[in-house]
Amino acid sequence: MEASLPLPRPISCRTFFGGGVTQLKISPLLGFLPNGNPSSFSISSEWQKAHKATRIRHSFTASADFSRRRHRKTSTPKSKDSTPRGFMPRTQLPTSTQRRDTKNNEEKEGPGNSASNDFEGSNAKTAEMEIGTDDQVVANFSQVPEVKEESENKSNSIDFEAASTYGPLSDRKISHYDEKGALPKVVDNVMEPKNAERFTKSEEKETSTADIDIPLFERVVGGKQRYMEHDEASWHESIEEEESREAKSTHMAGKNASDETDSRINENRTISNTVQQAESTRIIDDTGISRFVKPEAVKEDNVSISDDGTIRDPFPALKLEREENSRKDEIDKLAEKNFKEGNKVFCYPEVARPDKDIEIFFNRNLSILKNEPAVVIMGAYNDWKWKSFNINLNKSHLNGDWWSCQVHVPEEAYRIDFVFHNGNDVYDNNDEKDFHITVEGGMDVFDFENFLLEEKRLEQEEFERQKAEREKEEEEKRLKEADIAAKEADRAHAREEVAKSMGALKELMKRGVTSANNIWYIEPSEFEGGDKVKLYYNKSSGPLSEATEIWIHGGYNGWKDGLSIFSKLVKSENKDGDWWYTDVVLPERALVLDWVFADGSPQRATVYDNNRRQDFHAIVPKASFEELALLEEEHIYNKLQTARRLREEAIQAKVKKTARMKLETKKRTLKTFLLSQKQIVYTDPLDVRAGSTITVFYDPANTVLNGKSEIWLLYSFNRWTHRMGPFAPQIMYRDKNGSHLKATVKVPLDAYSMDFVFSEGKDRGVFDNKNGMDYHIPVLGGVVKEPPMHIVHIAVEMAPIAKVGGLGDVVTSLSRAVQDMNHNVDIILPKYDCLKFDHVKDLHFHKSYFWSGTEIKVWSGKVEGLSVYFLEPQNGLFCVGCIYGRNNDGERFAFFCHAALEFLLQGGFHPDIIHCHDWSTAPVAWLFKDQYRHYGLSKARVVFTIHNLEFGAQLIAKAMEFSDKATTVSPTYAREISRNPSIAPHIFKFHGILNGIDPDIWDPYNDKFIPVSYTSENVVEGKKAAKEALQQKLGLRIADLPLIGIISRLTHQKGIHLIKHAIWRTLERGGQVVLLGSAPDHRIQNDFVNLANQLHSSYNDRARLCLSYDEPLSHLIYAGADFILVPSIFEPCGLTQLTAMRYGSIPIVRKTGGLYDTVFDADHDKERAQGHGLEPNGFNFDGADAAGVDYALNRAISAWYDGREWLNSLCKQVMEQDWSWNRPALDYLELYHAARK
């Protein structure tokens, strides 16, 4: 493509220099030899020596057809303007008589100088210029900064110096040298050096030829604005002086340059005959910027200069064309190379970079698609994980069957994956390996994974936001519908009330009059609601004849609103007789006025005139019955609406507060859980969040690694299943501030659990893995949530539908707590005929199946929000009216265990955990391992819990053998029974986990069985109200006395001899005692009946024994008692002391089993409590005798008498401790995961 180059003005070296001078070093290069070696010639360096300040080199290169043209000396005779040799004559400077029009001069020289000559090039900062001579010599000017003087002995260049200035458009001027022949220092404000372009050999070959003339030389040098370090004012002042010397300076510079050039050309004339290619003129100034020009194409008025003084590139299209030609050459070479190597795919550029375009080339002829008419690329990025694409390929310009398309590489890409196909069903997938192009300079695999996680996090946030909006909209819709329904109900209620009241009012109006002869009357006789009337009464007509005062006590509409009118009457001075009167304002809705007369105000009256018990009634003459009915209906409706709104607001406030307290409790419990093992391991910060960096602290002193020279941290995430696998082990270093060792860990964004163990070596030696459980810390805020487990409980009890003891509570409460942690829980239970079906929601028939020749019907329903399957074998084993107590209980429950496993198998269940309980479902453990583990239930693991070792020890021993993990209901009880023959052989898989209580059932803030709802904030007031209600209910003296509560089954295990002693000791100390419980042994029951009779006789106002179970009364005792006594001889866990603390009652317990694990003595256990992240919360004792009970009981009662303020704070403290299933559920989940590992 050819185009003319518009330049702003003729080239001159006068610039905006304030009279300064610049020097030019011009090196005419005469092209290249045929073998590719450059050939050039150099003039003598004498002139160069005289002008060491030379800044600009000009290279002259012969055109390609130089050797075939007529050769003659390139210099011209000197004229008055002293144009240098080697250049065509130009107009004289600076006088007008010497000036000639450039155009005329060019026309005279012939077509070689035509302005239509074309420009070729790819660089936006280049322009070609053609200089017309007979020999078509092309000058290639290269403006390059000279940092030092060039060698005088170089033979491959012609150097000469010239001075130039930037002159006005109408003048061609060359500025003078200074007195020493050097140029002033120049400051370049046009282009930064970083934009300078290096002219390579390949670029030189692509430039077009040009001819040389001096006007062009002037224009090229003058095409770049340059400024002196002098200010602009000084420059303007020097212009006139400069112009006056310009002609002389130009003449001398031209003469010297011409002589030097002519001499050197003569010396190197033979070299010019070998030149095959000519380059366009290139000028390189001090900044290294190259420009190429054609003088004939210059239009001085077409140059665009930006606001900051830089010259804008006038040839963007030419730049693009040159770049495209260069690109095609490179692609041609790549295609040839890849074809020779047998590669059917390559890309250009060869290195793919993010956020850039690449062109993918595909040789169809080397592919299975060679005969297909269409080629389509199907791909994605980063192992096919990111942004898929389908693009049609087009036939390329390359020789052969090369097809191509352009693909944009995203910023997130580290690899491009693709295959080719015909748009239908024929694919080239690189022999099933797919094609890949690596992207360099962007993300790596892990960066991209983190990017995806961050994207997923944002998606989850958006999903949660939209979900919250939907839930809000649904809730608003539900509330709106409920409000409409409630309003309709209130309206119907109001109409019903009005119908009743209006019916009675009609009967009353029938008896109503407007006056009673000589007894009372009203003035005026016509009145309506809202009027003020005078009511007259004849005092002497009735029983008030002797009264000194007369009062009216009144109401309206059959005393609808009770006593609403009362006023004192005064004696009338205008009436004859004993008439008294008062002013009465009638209510707005009055149809009938009702009243009696009395001898005083409502508080002081003793004698009444009530019309012989009929009361007085007066009809309101002008009242409208129908209008009143409507008003009354609206009045009742508004009252109902207000009451409902207040009630709903109170309920809503209570629900919100309950939820907030639950959340706060869970947070405190999690913190306690994390701190519970601080003496061994903890993290900083304590709450580990995804994407954060944490420090792990470890003290090996109390572990198997005590004394080891090195401790290593081995860790991963997500129960050791993280995508990055086990992370590199870290050696731990001593913390300067304590005894712990420490290591720093970066938590991934997709973590939900951090898992670690410690060892004495990087991959060897002794390990501390927490007795096979490993250490696990929950990670908050991760973009990946823990996958839910499926847990199935097989049990024979479940509260509240089939409860006998604590087992039923555990099954229900543990299941709810685990389900609340986003796991799936099912319960399988026998369908007893004595079930409390009123607590089962949506009970329906599920299916039938057969096992052992018996049909078993399955029912399903919801109990406390849990999914329950009820098995009903048609052999009648569970239609016996009870849960336990039959002679064949072992047979019954063994059948149930087998039937439950068969139901899981035939029902297609695949649980992760099967949890069985106590002796009654112990057979599940070995039946599963023997008959089901390898026949469809292979995924499951068995967890077995011992609730009480006193029953079914033989069955328990066998279950211990076959279970994967086993637990009991407290750590201390686990230690107490660890040497039992049933347990000892399997101690490695035996763990003690505390039970909890259900915080929804036992909740003083929402308890309907106590008079005042309370929390830890108002515990003193709440318990005071409950105590008074309890005393009143049981007929005890309502007094502020220490009250001891006992809620227990009356068995020897519960320490009944200690209970009896505590009752007498409390009464001796002036306290009150309330006992609630019964004995399964009738002898013990009779014994306590006798004790009750004795106490009720002697201490009727301070002792009460209720020898039966009463659920509402138990709530009132927990709330009203100051202390709850639990003196058990042994107690696997115990829930009584936990419930007591929930209600702010202080427990007094014997130190055994779960009692020891949960009650920390206020005087002796502060350090032990703090080890569990708690504070002391009660009183305990060691012995199983009277002295032990007295030691704890006396301290408690004394605290009540002597330290009420401290005791009240203790009540608040124990209420804030969490004894729910929040913590035990975490422990059970750890156990479940350990069983699956």
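Note that the coordinates shown come from a computational prediction; the quantities given were computed from them, not determined experimentally. One numbering rule holds for all chains: residues counted from 1, following each sequence as written. Owing to the predicted nature of the model, reporting of local features is limited to residues with pLDDT of at least 70; listing and counting of side-chain atom pairs is limited to 80 or more, with chain, interface and lining totals taken over all residues. Only heavy atoms go into the side-chain values, all of them from the structure, while hydrogens and water stay out.

Chemist: Just to check I follow, could you spell out the overall build of the protein for this structure?
Modeler: In terms of helices and strands, the protein carries 24 helices and 54 strands. The criterion used for residue contact is that any of the two residues' heavy atoms lie within 4.5 Å. Sequence-distant contacts, at least 24 apart, represent 73% of the contacts inside the protein between residues at least 6 apart. Carbon and sulfur atoms make up 49% of the accessible area of the protein, which totals about 57400 Å². Under the DSSP-based scheme used, a helix requires at least four consecutive residues in state H or I and a strand at least two consecutive residues in state E, with every element numbered from the N terminus. What sets the accessible areas is the Shrake-Rupley method with a 1.4 Å probe; for residues, cover comes only from the shown protein chains.

Chemist: Just checking my understanding: could you explain unusual backbone geometry for this structure?
Modeler: Among all residues except glycine, the phi angle is most often negative; among peptide bonds, the trans geometry is most common. Of note, the amide linkage connecting Y348 to P349 takes the cis form, showing an omega dihedral of -5 degrees. By the element assignment, P349 lies in the loop between β11 (345-348) and β12 (356-363). Omega for the peptide link from D684 to P685 comes to 0 degrees, which places this bond in the cis form. Examined against the element boundaries, P685 turns out to sit in the loop between β30 (681-684) and β31 (688-689). Positive phi, close to 60 degrees, is recorded for R719, a residue that is not glycine. Inspection of the secondary structure assignment puts R719 in the loop between β33 (712-717) and β34 (730-731). The buried label goes to any residue with under 20% of its type's maximum accessible area, the exposed label to any with over 50%, and the partly exposed label to all in between, with areas taken from a 1.4 Å probe on protein chains only. Looking at R719, the relative accessible area reads 18%, which means it is buried. The phi angle at N822 is positive, at roughly 70 degrees, despite the residue not being glycine. Tracing the backbone shows N822 in the loop between α10 (806-820) and β41 (824-830).

Chemist: Got a minute to help me understand the packing of aromatic side chains in this structure?
Modeler: Aromatic rings considered in pairs are described by the distance between their centres and by the relative angle of their planes. Each pair of aromatic rings taken from Phe, Tyr and Trp, with Trp reduced to its six-membered ring, is defined by centres within 6.5 Å and is described as stacked if the planes are under 30 degrees apart, edge-to-face if over 60, and tilted in the remaining cases. Summed over all chains, the structure comprises 47 aromatic pairs. Centre to centre, the rings of Y521 and W579 are 5.2 Å apart; their planes meet at 65 degrees, and the pair counts as edge-to-face. Separated by 58 residues along the polypeptide, Y521 in strand β21 (residues 520-523) and W579 in strand β26 (residues 579-585) bring together distant segments of the chain. With a relative accessible area of 18%, Y521 lands in the buried category.

Chemist: Could you clarify how one ought to interpret the nonpolar core in this entry?
Modeler: Soluble globular proteins tend to pack their nonpolar side chains together in the buried interior. By convention a nonpolar core is built from buried Ala, Val, Leu, Ile, Met, Phe, Trp, Tyr and Cys residues, the set being connected through side-chain atoms within 4.5 Å. If you look at the biggest cluster of nonpolar residues, it comprises 74 residues, and the most contacted ones within it are L1050, I1063, L1075, F1088 and F1123. Residue contributions to this core peak at 7 residues, all from helix α22 (residues 1186-1202). If sequence neighbours within four positions are ignored, F1123 has contacts with L1043, I1044, G1045, I1146, I1148, F1179, A1196, I1197, W1200 and L1207. Ranked by size, the runner-up nonpolar core spans 64 residues in total, among them A802, V858, F928 and F962.

Chemist: I would appreciate a short explanation of the pattern of salt bridges in the present structure.
Modeler: For side chains of opposite charge, pairing can occur when their charged atoms come near one another. A side-chain nitrogen of Lys or Arg and a carboxyl oxygen of Asp or Glu constitute a salt bridge if their distance falls within 4 Å. Here the structure, examined in full by the defined rule, presents 61 salt bridges. The shortest N-O distance in the salt bridge between K742 and D735 comes to 3.8 Å. Note on K742: relative accessible area 33%, which makes it partly exposed. When its relative accessible area of 13% is taken as the criterion, D735 is described as buried. Put simply, E864 and R816 hold a salt bridge, and the shortest N to O gap is 3.3 Å. Here E864 is found in the loop between β43 (854-863) and β44 (866-873), whereas its partner R816 is found in helix α10, with 48 residues between them in sequence.

Chemist: It is not clear to me how the pairing of strand β17 (residues 415-421) should be interpreted in this structure. Could you clarify?
Modeler: Consecutive residues of a regular strand have side chains that alternate between opposite faces of the sheet. Counting buried residues along β17, 6 of its 7 residues qualify, which places the element largely inside the surrounding structure. Bridge analysis of strand β13 (residues 376-381) against β17 gives 6 bridges, and the strand direction is antiparallel. For M378, the partnering residue across the bridge sits in β17 and is V419. Where β17 lies against strand β19 (residues 435-438), 4 bridges are found, and the strand directions are antiparallel. In the strand pairing of β19, R415 is matched with T438. Alignment of β17 against strand β18 (residues 427-428), held across 2 bridges, turns out to be antiparallel. Across the sheet, residue F420 finds its bridge partner in β18, namely D428. A strand pair is defined by DSSP finding two or more bridges across the two strands. Turn length for the β17-β18 hairpin, with the two strands adjacent in sequence and antiparallel, is 5 residues, and the turn residue G423 shows positive phi of about 85 degrees.

Chemist: In this structure, what is going on with a negative patch on the surface? I would like to understand it.
Modeler: A grouping of E464, E471, E473, E474 and E476 is seen on the molecular surface, where their side chains present a negatively charged patch. Secondary-structure assignment places E471 in helix α8 (residues 445-511). What goes into a patch is any residue over 30% in relative accessible area without a salt bridge, connected to like charges within 9 Å or, for nonpolar side chains (Val, Leu, Ile, Met, Phe, Trp, Tyr), within 5 Å. Counted charges follow a simple rule, with Lys and Arg positive, Asp and Glu negative, and His plus the chain ends left uncounted. Charge positions are represented by NZ for Lys, CZ for Arg, CG for Asp and CD for Glu.

Chemist: Any chance you could explain the sheet that holds β11 here in plain terms?
Modeler: Each strand in a sheet pairs with its neighbour through backbone hydrogen bonds, running either in the same direction (parallel) or in the opposite one (antiparallel). Strands sit in the order β11-β12-β16-β15 across an open sheet of 4 strands; the sheet is antiparallel. Only two strands of the sheet have a single neighbouring strand rather than two, namely β11 and β15 (394-395). Here β11 pairs with β12 via 4 bridges, running antiparallel. Following the sheet pairing, C347 is matched in β12 by I360.

Chemist: Honestly, the sheet that holds strand β22 (residues 532-538) in this entry has me stumped. Any pointers?
Modeler: Here we have 5 strands laid out as an open sheet, ordered β20-β21-β22-β26-β25, and antiparallel in their pairing. A single partner strand is all that each edge strand has here, and the edge strands are β20 (515-516) and β25 (570-571). Of the strand pairs in this sheet, β21 and β22 are connected by 4 bridges, and their pairing is antiparallel. Its bridge partner being in β22, Y521 is matched across the sheet by Y536.

Chemist: I would appreciate a short explanation of the confidence of the model for the protein in the present structure.
Modeler: Low pLDDT means the predicted atomic positions in that stretch should not be read closely. Looking at any residue, its pLDDT shows the predictor's confidence there, from 0 to 100. Averaged over every residue, the pLDDT of the protein is 80; the share at 70 or more is 75%. Overall, residues 1-236 carries pLDDT values under 50, and its contacts beyond four positions in sequence, including any with other chains, amount to 728 contacts. Ignoring residues within four places in sequence, the model shows residues 263-301, a span with pLDDT below 50, making 211 contacts including any to other chains.

Chemist: Please clarify how helix α11 (residues 889-906) should be interpreted in this entry.
Modeler: Helical geometry: 3.6 residues make up each α-helical turn, so side chains three or four residues apart lie on a common side. What a helix should span is 1.5 Å times the count of its residues minus one. The terminal C-alpha atoms of α11 lie 25 Å apart, and with 18 residues this matches the ideal 26 Å at 1.5 Å per residue to within 8%. In terms of residue burial, α11 counts as a mostly covered element, since 13 of its 18 residues are buried. Positive backbone phi, approximately 75 degrees, marks G908, located one or two places after α11.

Chemist: Which parts of the structure should I look at to understand a nonpolar patch on the surface?
Modeler: Side chains of V445, F446 and M724 sit close together on the surface and give an oily, nonpolar patch of about 250 Å² of accessible area. On the accessibility criterion, F446 (45% relative accessible area) is partly exposed.

Chemist: Explain the packing of α22 against helix α23 (residues 1204-1216) to me, please; I cannot follow it from the model alone.
Modeler: Helix packing for two helices is described by the angle between their axes and how far apart those axes are. Where α22 contacts α23, the axes come no closer than 6 Å and their chain directions differ by 115 degrees. The orientation of α22 relative to α23 falls into the category roughly perpendicular. Residues A1199, W1200 and D1202 of α22 lie in contact with α23, whose contacting residues are R1204, W1206 and L1207. Residues that form the contact of α22 with α23 fall into these classes: 4 nonpolar, no polar and 2 charged. For every element, the axis is a line fit to its C-alpha atoms; helices are fit only across the contacting stretch, and the angle between N-to-C directions ranges from 0 to 180 degrees. Each angle receives one of four descriptions, namely roughly parallel if under 35 degrees, roughly antiparallel if over 145, roughly perpendicular if within 65 to 115, and oblique otherwise. Classes in brief: Ala, Val, Leu, Ile, Met, Phe, Trp, Tyr, Cys and Pro nonpolar; Asp, Glu, Lys and Arg charged; the others, Gly included, polar.

Chemist: What am I meant to see in the packing of helix α12 (residues 923-932) against helix α13 (residues 953-962) here?
Modeler: Two elements in contact, α12 and α13, have axes separated by 7 Å at closest approach and are oriented at 45 degrees. Taken together, α12 and α13 sit at an angle that is classed as oblique. Here the hand of the crossing between α12 and α13 comes out left-handed. Residues A925, W926, K929 and D930 of α12 lie in contact with α13, whose contacting residues are L955, K958, A959 and F962. Across the contact of α12 with α13, the residue classes break down as 5 nonpolar, no polar and 3 charged. In this scheme, a crossing is called left-handed if the near helix is turned counterclockwise away from the far one by less than a right angle; it is called right-handed if the turn is clockwise.

Chemist: Just checking my understanding: could you explain the side chain of S567 for this structure?
Modeler: Mapped onto the secondary structure, S567 falls in strand β24 (residues 565-568). S567 sits in the buried class, given a relative accessible area of 18%. Polar contacts, as counted here, are pairs of nitrogen or oxygen atoms within 3.5 Å of one another; within protein the pair requires one atom able to donate a hydrogen and one able to accept it, and residues that are adjacent in sequence qualify only if both atoms are side-chain atoms. Looking at S567, its side chain comes within polar contact range of the side chain of T582, at 2.7 Å. Once residues lying within four places of it in the same chain are set aside, the contact partners of S567 are I550, W551, I552, T582 and D583.

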